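If you want the building blocks of each chain, they are given just below.
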Amino acid sequence: MDESWVNSAERIGADLHLELTGPGGGRAALIRALREAVRSGRLAPGTRLPPYRSLAADLGVARNTVADAYAELVAEGWLTARQGSGTQVAERAEPLRHAVRVPRKAPPRARGPRHDLRQGTPDASAFPRTAWLTSYRRALQQAPNEVFGPGDPAGRIELREALTEYLARARGVRTEPGRLVICSGFGHALRLLFGAGVLRGPLAVEAYGLGFHRELLRAAGVRTVPLPLDEHGALVDRLGRERAVLLTPAHQFPTGGPLDPVRRAAVVDWARARGAVVLEDDYDGEFRYDRKPVGAVQGLDPERVIFIGSVSKSLSPAVRLGWMALPERYVEDVLEAKGEREAWASVLDQLSFADFLSCGSYDRHVRRMRQRYRGRRDRLVAALATHAPHVEVTGVAAGLHAVLRLPPGTERSTLKAAAWQGVAVDGLAEFRHPETDMAAGDGLVVGYATPSEHAYGAALDALCGVLPPQEPPTAGPAVG
Ligand SMILES: Cc1ncc(COP(=O)(O)O)c(C=O)c1O
């Protein structure tokens, strides 16, 4: 932070907004207003008050009025005054209890489970703070003044250029800066595409997927039609009259496999033949371990596929930055839906991320995390082989989660046992589309990226401890 700013803030003291009303003239009104500000917590203990002269000038009262009011409140114990450090709110001046709303129960995520193996988040302890700060500082130093005005709804050109290069290189996406629209993540992209009426009619989705996205679509008035899956991904030959399909081709969410190459071509053919469009959710495309990279379906036909990505798995879901590579015909409508100026994705974060990409920090971070997650995946597989060899683990060639296939009828009891032992984990059934007749069986979706590195071993042990035991082999007919 700029030193001179800190110093001048210290000198000037807090910026106070006081209304002097009621009887008793300026001095009494000021005392009441200050007392109320301290009592309500608006002025926190330790806050330095403005010097007499500046507060007097702000309020249009005499300097002595302010000096008298401060002296009175010091005498009452609301404020303290020390030579050389001005007047401050006293440490013991507690705000009234009822003035602060204290939630009676901590929100469910606030305290967190003992062992968190829920899918959905990368290791929060691994956020690249130093490298991000370097990029943020550099972006801020180099930013022209216009950056601090209203933002372009398409997103900063620096970021769209850096993403064009990165997505081509890392994901095989064919696009250009003019077709990229920055948004605040996948959910926002869906809202923009459907809420604005860019895509109409029912949307085919994979029979197993993220309920949050289905809910979001339902709220936008979009009907979703489940598309069954097998081990090669969605059965795209079942697509019919829908105008759009949402797929997770690189790593089916949550069951885990890549979409079969024949089906990748088939879905693009379907979209061409029907004038439809494919929405490609590339939520964890960077994290692949055992197999050759699976490029984006978008590369097969950039006019028929909308490629959507975000930093939620690769960096953090707190950053809220995502992107859409759009067919040309949708660009204008999506931009119109976003509005005249950027209202979602912070322009400063966009510039930081542009720098983070261009200077190689993103590649370094992804490589480091890929190694870490691969190690965790291997430890999970090894732990299961030792402690629960009857539990098959699938979907492990990529991504940040794996699916543990449980013996039939044991998912609910396993989830109960897990909760009892403080292990937070998702059951496969919760991802099932309510209207599908497909059943993927009993299972757990284990987010092995979620715990911090030091907590992972204990989480694995706890998980193995709650898995159902192997069924005893049924006795065969007696021989002899
Ligand atoms: C299937 C799937 N798609 C997309 C996302 C990314 O969502 P967002 O960019 O809105 O955080 C996630 C969660 O990280 C996800 O699980």
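Residues numbered from 1 in each chain as written. Predicted model: local features only at pLDDT ≥ 70, side-chain atom pairs only at ≥ 80, totals over all residues. Heavy atoms only, no water.

Our next topic: the sheet that holds strand β9 (residues 244-247). The sheet built from 7 strands is open, its strands ordered β4-β12-β11-β10-β9-β5-β6 with mixed pairing. Looking at which strands have only one partner, the edges of the open sheet turn out to be β4 (180-183) and β6 (224-227). When strand polarity is set aside, the average angle formed by the axes of neighbouring strands in this sheet is 20°. With 4 bridges connecting them, β9 and strand β10 (residues 277-281) associate as parallel partners. Opposite Leu247, over in β10, you have Glu280 as the bridge partner. The strands touched by helix α11 (residues 328-338) within the sheet are β4, β10, β11 (305-310) and β12 (322-325), with β4 carrying the most contacts at an inclination of about 25°. (Pairing = 2+ DSSP bridges. Helix = DSSP H or I, 4+ residues; strand = E, 2+ residues; numbered from the N terminus. Axes fitted to C-alpha atoms, helices over the stretch in contact; angles between N-to-C directions. Contact = heavy atoms within 4.5 Å.)

Bringing the confidence of the model for the chain into the picture now. Averaged over all residues, the pLDDT of the chain equals 90, while 91% of them reach at least 70. Within the model, pLDDT remains below 50 along residues 1-11, and this stretch shows 3 contacts once partners closer than five positions in the same chain are excluded. (pLDDT = per-residue confidence, 0-100.)

Attention now goes to the environment of Thr21. Positionally, Thr21 belongs in the loop between α1 (3-12) and α2 (25-39). Each C-alpha atom of the pair Thr21 and Ala33 lies 8.2 Å from the other, and the pair is 12 residues apart in sequence. The residues contacting Thr21, other than those within four sequence positions of it, are Ala29 and Arg32.

On to the environment of Ala189, then. Counting through the fold element by element, Ala189 comes out in helix α8 (residues 186-195). C-alpha of Ala189 to C-alpha of Gly322: the two residues are 133 residues apart in sequence and 7.9 Å apart in space. Among residues more than four places away in sequence, those in contact with Ala189 are Cys183, Ile308 and Met324.

Under the definition given, this model contains 25 salt bridges. Of the charged contacts, one joins Glu158 and Arg156 as a salt bridge, the two residues approaching to 2.9 Å between their closest N and O atoms. Arg156 sits in the buried class, given a relative accessible area of 13%. Taking the shortest distance from any N to any O, the salt bridge between Glu453 and Arg372 comes out at 3.8 Å. Of this pair, Glu453 sits in helix α15 (residues 453-466) while Arg372 sits in helix α13 (residues 361-387), placing them 81 residues apart in sequence. For Glu453, a relative accessible area of 38% translates into the label partly exposed. Put simply, Glu176, Arg179, Glu303, Glu328 and Arg329 are held in one network by salt bridges that share partners. (Salt bridge = Lys/Arg side-chain N within 4 Å of Asp/Glu carboxyl O. Buried < 20%, exposed > 50% of the residue type's maximum accessible area, 1.4 Å probe, protein only.)

Core analysis: the largest hydrophobic core is formed by 55 residues, its most contacted members being Leu163, Phe353, Leu380 and Leu404. Elements with a contribution of two residues or more to this core: α7 (157-171), β4, β12, α12 (347-358), α13, β14 (401-405), β17 (443-447) and α15. Among residues more than four places away in sequence, those in contact with Phe353 are Trp132, Leu159, Leu163, Val311, Leu315, Leu321, Trp323 and Tyr362. With 27 residues, the next largest nonpolar core counts Ala234, Val268, Ala271 and Tyr283 among its residues. (Core = buried A, V, L, I, M, F, W, Y, C linked by side-chain atoms within 4.5 Å.)

Further remarks concern the site of the ligand. Neighbouring residues of the ligand: 13 residues in total, closest Phe186, Asp281, Ser310, Ser312 and Arg320. At a separation of 3.1 Å, an oxygen atom of the ligand approaches a polar backbone atom of Gly187. The side chain of Ser312 places a nitrogen or oxygen atom 2.6 Å from an oxygen atom of the ligand. Cavity membership is defined here by more than half of the atoms lying within 2 Å of grid points; on that basis the ligand lies in the largest pocket. Among the residues making up the shell around the ligand, the classes are represented as 4 nonpolar, 6 polar and 3 charged. (Near = heavy atom within 4 Å. Polar contact = N/O pair within 3.5 Å; in protein donor to acceptor, adjacent residues only side chain to side chain. 1 Å grid on protein atoms, 1.4 Å probe; cavity = no way out; pocket = protein on both sides within 12 Å on 5 of 7 lines; lining within 4 Å. Sits in = over half its atoms within 2 Å of the grid points. Nonpolar A, V, L, I, M, F, W, Y, C, P; charged D, E, K, R; others polar.)

The interhelical angle for the contact between helix α3 (residues 52-59) and helix α4 (residues 63-76), taken along N-to-C directions, is 115°, at an axis separation of 8 Å. As for how α3 packs across α4, the hand of that crossing is right-handed. Residues Tyr52, Arg53, Leu55 and Ala56 of α3 form the contact with α4, whose participating residues are Arg63, Val66, Ala67 and Tyr70. Grouping the amino acids of the contact of α3 with α4 by side-chain chemistry returns 6 nonpolar, no polar and 2 charged. (Left-handed = near helix turned anticlockwise from the far one by under 90°.)

In this chain, Phe253 is followed by Pro254 through a cis amide linkage whose omega measures 5°. If you trace the backbone, Pro254 turns up in the loop between β9 and α10 (261-274). One non-glycine residue, Arg320, lies in the positive phi region at around 55°. Of note, Arg320 is situated in the loop between β11 and β12. Looking at Arg320, the relative accessible area reads 37%, which means it is partly exposed.

Inspection of the secondary structure assignment puts Ala440 in the loop between β16 (426-427) and β17. Its relative accessible area of 19% is what places Ala440 among the buried residues. Each C-alpha atom of the pair Ala440 and Pro228 lies 9.7 Å from the other, and the pair is 212 residues apart in sequence. Non-local contacts of Ala440, meaning those with residues more than four positions away in its chain, are made with Tyr208, Arg405 and Leu428.

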